[in-house]
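# Breakdown of the fold
Chain by chain, the residues run as shown.
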Amino acid sequence: MAVVTQSRLWRGVIEEYRDRLPVTAATPVVTLREGGTPLVPAPWLSEQTSCEVYLKVEGVNPTGSFKDRGMTVAISKAAEEGAEAVVCASTGNTSASAAAYAVRAGMRPVVLLPDGKISGPKLAQAVVHGGVIASVQGNFDDCLRLARELAETYPVALVNSVNPYRLAGQKTAAFEVVDDLGDAPDLHVLPVGNAGNISAYWLGYSEYTAYAADNPGPAKRRPRMWGFQAAGAAPFVHGGPVSAPETVASAIRIGNPASWDLAIAARDDSGGLIDAVTDEQILAAQQELSGREGLFVEPASAAGVAGLLHYSRTGRLDAGQRIVVTVTGHGLKDVDTASAYYGEIRPYVVPAQADAAAKALGLA
Ligand SMILES: *Cc1c(COP(=O)(O)O)cnc(C)c1O
């Protein structure tokens with residue numbers, strides 16, 4: 001299909017950053033116009049931390065998480081190579097994204113999900129996009145091993161973040177941050193699960209930085225990278241794989257991260273850290289984001305904010321820094337966890353009559 005639009009709206013990460021991505025004129029671009037996400041100032045977090053804090057809101061991507069940035073590149077390359085089916089292991093968001101992009105490219109999406117561990121909305125996404133769904137008797141790490149084995153032996157392309165095209169697409173988020181701010185921030189904070197995203201941001205910041213005098217990049221410097229895991233699924237903090245990862249933040253419930261070496265390099269080369277926050281801190285941060293900043297994110301997405309607040313409150317965050325925190329996925333991805341945290345919802349029951357309603361609601 002010929003692309004006829006003259007729209008000046010955001011064209012998706014491949015067209016916006018084509019010269020920095022592994023695509024050619026022969027690559028069929030499979031896009032839902034992902035990326036171009038808002039960098040939203042966070043006044044409450046800025047006040048709490050005495051810093052200038054921005055949130056990179058990835059929940060506004062087409063399937064509700066940052067996974068779409070990598071999927072547009074991975075599926076476009078799979079299409080170029082003639083793939084007819086793709087496979088991924090997922091805690092929910094990768095499968096939602098893979099299914100959407102695969103059907104758009106006319107491919108069969110095969111998704112491997114840990115038995116009973118996927119939120120209803122994420123499962124629904126895989127279903128409505130026509131995913132071939134396997135409920136695997138095991139955890140995410142088992143699913144990923146199985147996905148790799150299937151892709152090795154059978155005619156199906158692997159689109160997990162071990163596929164380098166995924167990270168190539170995801171690095172565009174760092175480009176966007178620099179394009180918005182005019183330079184890299186002092187500090188970039190984000191959740192860490194399979195560790196693809198922290199690796200991709202570091203790749204993006206590095207590529208966008210002027211190393212060669214004759215080829216100056218848009219950024220003059222790179223940020224320190226701070227990653228936060230859930231305490232029950234924190235292999236980087238323990239220094240090795242965790243066999244039975246457990247956390248309410250299902251998108252980072254991963255015990256054996258695929259991008260181990262890249263994430264360690266991002267941490268160390270940037271002078272950063274990877275630490276853990278408790279589920280309680282994650283849920284409290286999720287609530288603060290909703291109640292103070294007006295942004296509803298899924299639990300895993302709040303891990304970076306939880307970590308930033310924790311470091312600030314324990315006196316380990318220098319004031320005056322410019323900070324970007326990635327909030328990775330939309331709150332509507334997991335409404336059950338959020339609702340449970342708030343407890344029973346007790347609305348004011350009012351008559352359909354203004355005076356009485358105003359009285360009951362404290363307006364009169
Ligand atoms: C995938 C995902 C993460 C974790 O990203 P990794 O690249 O696996 O470290 C965090 N939050 C959300 C919402 C995700 O979908």
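Before reading further, recall that the structure is shown in the block above.
Residues numbered from 1 in each chain as written. Predicted model: local features only at pLDDT ≥ 70, side-chain atom pairs only at ≥ 80, totals over all residues. Heavy atoms only, no water.

### What to know about the nonpolar core
To be explicit about the condition: Take the buried residues of types Ala, Val, Leu, Ile, Met, Phe, Trp, Tyr and Cys, join any two whose side-chain atoms come within 4.5 Å, and each joined set is a nonpolar core. In this scheme, a residue with accessible area under 20% of its type's maximum is buried, one over 50% is exposed, and one in between is partly exposed, where area comes from a 1.4 Å probe on protein chains only. A helix here means a DSSP run of H or I that spans at least four residues, while a strand means a run of E at least two residues long, and both kinds are numbered starting from the N terminus. It only takes one pair of heavy atoms within 4.5 Å for two residues to be counted as in contact.
In terms of nonpolar packing, the biggest core is built from 34 residues, with L45, L55, V305 and I323 touching the most fellow members. When residues of this core are traced back to their parent elements, those giving at least two are α2 (43-49), β2 (52-57), β7 (187-191), β8 (224-230), β9 (273-277), α12 (279-293), α13 (303-313) and β10 (322-327). With 6 residues, α13 is the single largest residue contributor to this core. For I323, the residues in contact, after removing those within four places along its chain, are C51, E52, V53, Y54, P185, L187, V189, L308 and L317. Counting 31 residues, the second-largest nonpolar core is a separate cluster that includes Y17, L39, L190 and Y201.

### A closer look at the packing of helix α9 (residues 196-207) against helix α11 (residues 260-269)
How we decide: Axis lines are fitted to C-alpha atoms, over the contacting stretch for helices. Their N-to-C directions set the angle, which ranges from 0 to 180 degrees. In what follows, roughly perpendicular refers to angles from 65 to 115 degrees, roughly parallel to angles under 35, roughly antiparallel to angles over 145, and oblique to any angle outside these ranges. For any helix crossing, the convention is left-handed if the near helix is rotated counterclockwise from the far helix by under a right angle, and right-handed if that rotation is clockwise. Charged means Asp, Glu, Lys or Arg here, nonpolar means Ala, Val, Leu, Ile, Met, Phe, Trp, Tyr, Cys or Pro, and polar covers whatever is left, Gly included.
For the pair α9 and α11, interaxial distance at closest approach is 8 Å and the crossing angle is 50°. Judged by the inter-axis angle, α9 sits oblique to α11. The handedness of the crossing between α9 and α11 is left-handed. Contacts between α9 and α11 pair I198, S199 and W202 from the former with L262, A263, A265, A266 and D269 from the latter. Looking at the contact of α9 with α11 residue by residue, the class counts come to 6 nonpolar, 1 polar and 1 charged.

### Section: the site of the ligand
The cut-off we apply is this: The criterion for a residue being near a molecule or strand is simple. One of its heavy atoms has to lie within 4 Å of it. Any N or O atom pair separated by 3.5 Å or less is treated as a polar contact, with the protein-specific requirement of one donor-capable and one acceptor-capable atom, and with residues adjacent in sequence counted only for side-chain atom pairs. Every accessible area reported is derived by Shrake-Rupley at a probe size of 1.4 Å, with residue values counting cover from the shown protein chains alone. Cavities and pockets were defined on a 1 Å grid built over protein atoms only: a cavity is a set of grid points that admits a 1.4 Å probe from which the probe cannot escape, a pocket is an open set flanked by protein on both sides within 12 Å along at least five of seven lines, and lining residues are those with an atom within 4 Å of any such point. Cavities and pockets are treated as containing a molecule whenever more than half of the molecule's atoms lie within 2 Å of their grid points.
Lining the immediate environment of the ligand, one finds 16 residues, of which K67, N93, G193, N194 and T328 sit closest. A distance of 2.7 Å separates an oxygen atom of the ligand from a polar backbone atom of N194. Between N197 and the ligand, the recorded distance is 2.8 Å, taken from a backbone N or O atom to an oxygen atom. Coverage of the ligand by the protein amounts to 96% of the 380 Å² it exposes when considered alone. A majority-of-atoms criterion places the ligand in the largest cavity.

### Points about the side chain of Q286
Assignment of secondary structure puts Q286 in helix α12. Here Q286 falls in the buried class, since its relative accessible area comes to 3%. Engagement of the side chain of Q286 in a polar contact is seen with the backbone oxygen of V297, the distance being 2.8 Å. With residues near it in sequence (within four places) discarded, Q286 still touches F296, V297, E298, P299, A302 and A338.

### A closer look at the layout of surface pockets
Put simply, the test is: Grid points are joined across faces, edges and corners, and a volume is the space filled by probe spheres set on the points.
In this structure, the second largest pocket spans a volume of roughly 160 Å³. As for the second largest pocket, its lining consists of N139, D141, D142, L144, R145, R148, N256, P257 and A258. Considered class by class, the residues forming the lining of the second largest pocket number 3 nonpolar, 2 polar and 4 charged.

### Quick notes on α9
Applied cut-off: Helices are assigned an expected span. That span is 1.5 Å times one less than the residue count.
The terminal C-alpha atoms of α9 lie 16 Å apart, and with 12 residues this matches the ideal 16 Å at 1.5 Å per residue to within 8%. Burial runs high along α9: 10 of the 12 residues are buried. Buried within α9 we find G196, N197, I198, S199, A200, Y201, W202, G204, Y205 and S206.

### Describing the sheet that holds strand β6 (residues 157-158)
For the record, the criterion: The rule for pairing is simple: two strands pair if DSSP sees at least two bridges between them.
On the basis of which strands lie adjacent, the open sheet formed by 4 strands has the order β5-β4-β3-β6 and parallel pairing. Each of the sheet's edge strands pairs with one partner strand only, and the pair in question is β5 (132-136) and β6. Relative to strand β4 (residues 108-114), strand β3 (residues 85-89) is paired through 5 bridges, and the arrangement is parallel. Following the sheet pairing, V86 is matched in β4 by P109. Taken strand by strand, helix α4 (residues 93-104) contacts β3 and β4, and its axis lies near 170° from that of β4.

### A word on the pattern of salt bridges
For the record, the criterion: By salt bridge we mean one thing: a side-chain nitrogen of Lys or Arg within 4 Å of a carboxyl oxygen of Asp or Glu.
For the structure on display, the rule yields 18 salt bridges. A salt bridge links K117 to E246; the shortest N-O distance between them is 3.5 Å. Of this pair, K117 sits in the loop between β4 and α5 (120-128) while E246 sits in the loop between α10 (235-238) and α11, placing them 129 residues apart in sequence. Here K117 falls in the partly exposed class, since its relative accessible area comes to 37%. Judged by relative accessible area, which is 42%, E246 ranks as partly exposed. Of the charged contacts, one joins E344 and R346 as a salt bridge, the two residues approaching to 3.5 Å between their closest N and O atoms.

### Details of the packing of aromatic side chains
The line we're drawing: For this analysis, a ring pair means two rings from Phe, Tyr or Trp (six-membered ring only for Trp) whose centres lie within 6.5 Å, classed as stacked if their planes differ by under 30 degrees, edge-to-face if by over 60, and tilted for the remaining angles. Definition used: whenever NZ (Lys) or CZ (Arg) falls within 6 Å of the ring centre and also within 35 degrees of the ring normal, the charge is taken to sit over that ring.
In total, this model carries 8 aromatic pairs according to the counting rule given. Taking 6.1 Å as the distance between ring centres and 85° as the angle between the ring planes, the aromatic pair formed by Y341 and Y342 counts as edge-to-face. Since its relative accessible area comes to 49%, Y342 is described here as partly exposed. Taking NZ or CZ as reference, R20 lies 5.7 Å from the ring centre of F175, over its face. Sitting above the plane of the Y311 ring, R316 keeps its charged end 4.0 Å from the centroid.

### Description of the pairing of β7
Most of β7 sits inside the fold, with 5 of its 5 residues counted as buried. Neither face of β7 is left uncovered, since the one carrying L187, V189 and P191 and the one carrying H188 and L190 both have all their residues buried. Pairing of β7 with β10, which is carried by 3 bridges, proceeds in the parallel orientation. Following the sheet pairing, L187 is matched in β10 by I323.

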